[in-house]
Amino acid sequence: MGDWYRDLANSGVGSTLVGQLGLPRPAVLRRYEPGAPLLTGPAVVGTAGAGRLRETLTRVLEDAGVTVLPGVDDDGGRLAAVLLDATGGTGPADLAAAYEFLAPAVRRLGPSGRVLVLADPPSDADSPAQAAARQALEGLVRSVAKELRNGGTANLLVVPADAGASVPGPVRFFLSGRSAYVDGQVVRLTAADVPAGEDAERPLAGKVAVVTGAARGIGASIARVVARDGAHVVAVDVPAAGDKLAEVANEIGGTAFQLDVTAPDAAQRLVAHLRERRHAGVGPGVDVVVHNAGITRDKLLVNMDAARWNSVMAVNLQAQLDLTQALLDADGVLRPGARVVCVSSQSGIAGNRGQTNYAASKAGVIGMVRAWAPAFAERGATINAVAPGFIVTEMTAKMPFGTREIGSRINSLQQGGLPVDVAETIAWLSRPSAAGVNGQVVRVCGQSFLGA
Ligand SMILES: NC(=O)c1ccc[n+]([C@@H]2O[C@H](COP(=O)([O-])OP(=O)(O)OC[C@H]3O[C@@H](n4cnc5c(N)ncnc54)[C@H](O)[C@@H]3O)[C@@H](O)[C@H]2O)c1
C-alpha cells in the first residue's frame, strides 16, 4: 500500500523526469517516531501586533531543546519552523508586519517545515477593522499552506485573551511529526485548566481508552498509538471481527471487548464493562473514548434503499450519540478530564456523490460535537471531531487506479494520508494538555481541495 508515485518522484531518475514534465513532487513526510525531537532544526518566532504569546512560544521551543534564532537573517541555514504571534493587532496595518516577517522566513523553511500562526478571535474584536485584520490571518495561513512544498504545513491557532495556558500542547502537536498530514487548519482554543508536567512520551499513562472499530484500518492504528502513548486500550468491534480484534488487543496489551455499537443493549454493556473491570490496575471508569466504528453503504440518493440509509445512520451517528449519553449519565464512569474524540469525515464537510447517507451521518457528528462541547467543558472534559480526508487503507487500495490517483493527489501535500496520521491527531486530542481544545473539528486531509 505504498505510494509508488511519491517514491518515483523522490528517486534519482524519477525526480529529474517529474521535474522536466512539471508534475507534482509529493514529499516523504516527517512522521513522529518515539524519542524523535520536536523539530530537527532551529525555529524563529516573530510578532505582528503586541504579541502577548511570544514568551509562551519561545518557552515551548526552548523546553523542547529547539534553538530559537533571534531573527531570520542570522544564519544562512534552513529553518524547521516559523512561528508568528499575530495577537494584539489593531487593524489591517498590522498585517504588513505579518507579511514582512513571514516572507523571508518561509523562504528559508526546510523539508516538512512548520508554519504556525497564533491570532486573536475575530468574534472578540473591538472594531470592524480589528475583526478584519484577525480574519485576514485565516486567508493568509490557508494560502501559505497551499504554497508550501516539500512536506511543509501551515496552521492557525485562534487564542482568546484568557486562553494563554491552553497554547503549549497544541503548539507542540502542530510543530511535531505527529501532525504530518494536518495542513491548512484553524483550531480555536478555549480557556481551560491545563495540568502541568505531562510526560512527552507517555502522556496517557494510567489512563483507560475505549476505541470502537479497533479490529482493523484506522481504528487498529488508533488503538496502537493510544497504547504507545501509555493508555490501557479497551478495543471494541463486532463479534464477526473477533479474531482480528483479539490480535490487536494482544499486540498492545489491551482488552478485546466484542460489541456491536448499534445493539439495543450496547451502551448498557459498555458502561457495565467499564464499571466492573479494573484495567491495568487503574480503577473503574474511562478517560478516553474514541468513536471510530463506521460503515459506508454507497448509492445515489435516488437509488438509496432504507436499509442502507438506516444502517449507516445507526453505526456512524446514533451509536455515537447513545454511547456518549450513556457514559455521561453513568455516575463516576467518565472520569474527570475525560476526552471524547469522534471520527467524522471530509464527506461530512464537502459532501460526496453516492454518499448522502454517509455524509449526512458524518456532518451529524460535527453538529453533535459542537453542541456537546459546553457541557463537557463544565465537567473539565472535552469532545472533538477528527475529519479524515483521503487515507490510504485496504479500502482505497481496491479503488480503480484513476480514482485513487486523483483522490490522493488533490490536496496541498499531493498524497494520501496514513491511518497513523488520523491516530496521532486523535491521541493528541486525548492528552491532558489538549484541555483547551473543545468542540473543534480537525481535518486530517493534507489541506484537501474538497470542502476547503
Ligand atoms: N478510510 C478513509 O479514507 C476514511 C476517510 C474518512 C473517514 N473515515 C472514517 O474512519 C473510520 C474508520 O474507517 P476505516 O477506513 O478504518 O474503516 P474499516 O471498515 O476498515 O474499519 C471499520 C471498523 O469498524 C467496525 N464496525 C463497523 N460497524 C460496527 C459496529 N456496529 N460495532 C462495532 N464495530 C463496528 C468494523 O468491523 C471495522 O473493524 C470510520 O468512521 C470511517 O467512516 C475513513
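Cut-offs applied
Residues numbered from 1 in each chain as written. Predicted model: local features only at pLDDT ≥ 70, side-chain atom pairs only at ≥ 80, totals over all residues. Heavy atoms only, no water. Helix = DSSP H or I, 4+ residues; strand = E, 2+ residues; numbered from the N terminus. Rg over C-alpha atoms; globule rule 2.2 N^0.38 Å. Buried < 20%, exposed > 50% of the residue type's maximum accessible area, 1.4 Å probe, protein only. Contact = heavy atoms within 4.5 Å. Domains from an automatic or database assignment. Buried area = accessible area lost by both parts, 1.4 Å probe. Salt bridge = Lys/Arg side-chain N within 4 Å of Asp/Glu carboxyl O. Polar contact = N/O pair within 3.5 Å; in protein donor to acceptor, adjacent residues only side chain to side chain. Pairing = 2+ DSSP bridges. Axes fitted to C-alpha atoms, helices over the stretch in contact; angles between N-to-C directions. Parallel < 35°, antiparallel > 145°, perpendicular 65-115°, else oblique. Left-handed = near helix turned anticlockwise from the far one by under 90°. Nonpolar A, V, L, I, M, F, W, Y, C, P; charged D, E, K, R; others polar. Near = heavy atom within 4 Å. Areas by Shrake-Rupley, 256 points an atom, 1.4 Å probe, with all protein chains shown as cover. Phe/Tyr/Trp six-rings, centres within 6.5 Å; stacked < 30°, edge-to-face > 60°.

### A word on the overall build of the protein chain
Check the secondary structure of the protein chain and you find 15 helices and 13 strands. By the compact-globule yardstick of 22 Å for 452 residues, the protein chain fits well, its C-alpha radius of gyration being 22 Å. For the protein chain, the spread of C-alpha atoms along the three principal axes comes to 60 × 50 × 45 Å. Taken across its 452 residues, the protein chain has 56% of its residues classed as buried. In the protein chain, of all internal contacts separated by at least 6 residues, the share reaching a separation of at least 24 is 75%.

### As for the domain arrangement of the protein chain
We note that the domain assignment places domain 1 (32-188) and domain 2 (208-444) within the protein chain. Between domain 1 and domain 2, the contact holds 22 residues from the first and 24 residues from the second. Between domain 1 and domain 2 the total buried area reaches about 1900 Å² when both faces are included, carbon and sulfur atoms providing 56% of it. Of all residues in domain 1, F173, R178 and Y181 give up the largest surface area on contact with domain 2, accounting jointly for 39% of the area buried on that side. Our count for the contact surface shared by domain 1 and domain 2 stands at two salt bridges. A salt bridge links E424 to R178; the nearest nitrogen and oxygen atoms lie 3.7 Å apart. Joining domain 1 to domain 2, the criterion identifies five residue pairs in polar contact (both at pLDDT 80 or more). At the level of secondary structure, the elements contributing two or more residues to the side of domain 1 that touches domain 2 comprise helix 5 (128-147), helix 6 (168-175) and strand 6 (186-188).

### Focus on the sheet that holds strand 1 (residues 43-47)
Ordered by their spatial adjacency, six strands build an open sheet running 2-1-3-4-5-6, and the pairing between neighbours is parallel. A single partner strand is all that each edge strand has here, and the edge strands are strand 2 (68-69) and strand 6. With respect to the sheet, helix 3 (residues 54-63) is in contact with strand 1, strand 2, strand 3 (79-85) and strand 4 (109-119), its orientation differing from that of strand 1 by roughly 175°. Here helix 4 (residues 93-107) sits on the sheet in contact with strand 1, strand 3 and strand 4, set at roughly 175° to strand 3.

### Points about the packing of helix 3 against helix 6
Two numbers describe a pair of packed helices, the interaxial angle and the distance between the axes. Axis separation between helix 3 and helix 6 bottoms out at 10 Å; the angle between their running directions is 55°. Between helix 3 and helix 6, the angle is such that the two are oblique. Note on packing geometry: the crossing formed by helix 3 with helix 6 is right-handed. Residue-level contacts link T56, L57, V60 and L61 of helix 3 to P168, V171, R172 and L175 of helix 6. In terms of residue class, the contact of helix 3 with helix 6 is made up of six nonpolar, one polar and one charged.

### Concerning the site of the ligand
Neighbouring residues of the ligand: 26 residues in total, closest R216, I218, D237, N292 and Y358. Within the backbone of I218, a nitrogen or oxygen atom sits 2.8 Å from an oxygen atom of the ligand. Considering the ligand on its own, with 830 Å² of exposed area, one finds that the protein chains cover 89% of that surface. Counting only elements with at least two residues in the shell around the ligand, the list comes to helix 7 (217-228) and helix 12 (356-378). Along the lines of polarity and charge, the residues of the shell around the ligand split into 13 nonpolar, nine polar and four charged.

### Considerations on the side chain of S166
Assignment of secondary structure puts S166 in the loop between strand 5 (153-158) and helix 6. Within the local environment of S166, its side chain forms a polar contact with the backbone oxygen of T190, the two atoms lying 2.6 Å apart. Apart from residues lying up to four places away in sequence, S166 is in contact with L189, T190, A191, A192, V194 and G436.

### Considerations on the side chain of H291
Position of H291 among the secondary structure elements: in strand 10 (residues 286-291). Look at H291 and you get buried, because its relative accessible area is 3%.

### A few points about the packing of aromatic side chains
Counted according to the given criterion, the structure contains four aromatic pairs. Ring geometry for F173 and F174: centres 5.1 Å apart, planes at 70°, overall edge-to-face. When its relative accessible area of 1% is taken as the criterion, F174 is described as buried. With centroids separated by 5.7 Å and ring planes inclined at 70°, the aromatic side chains of F174 and W428 adopt a geometry described as edge-to-face.

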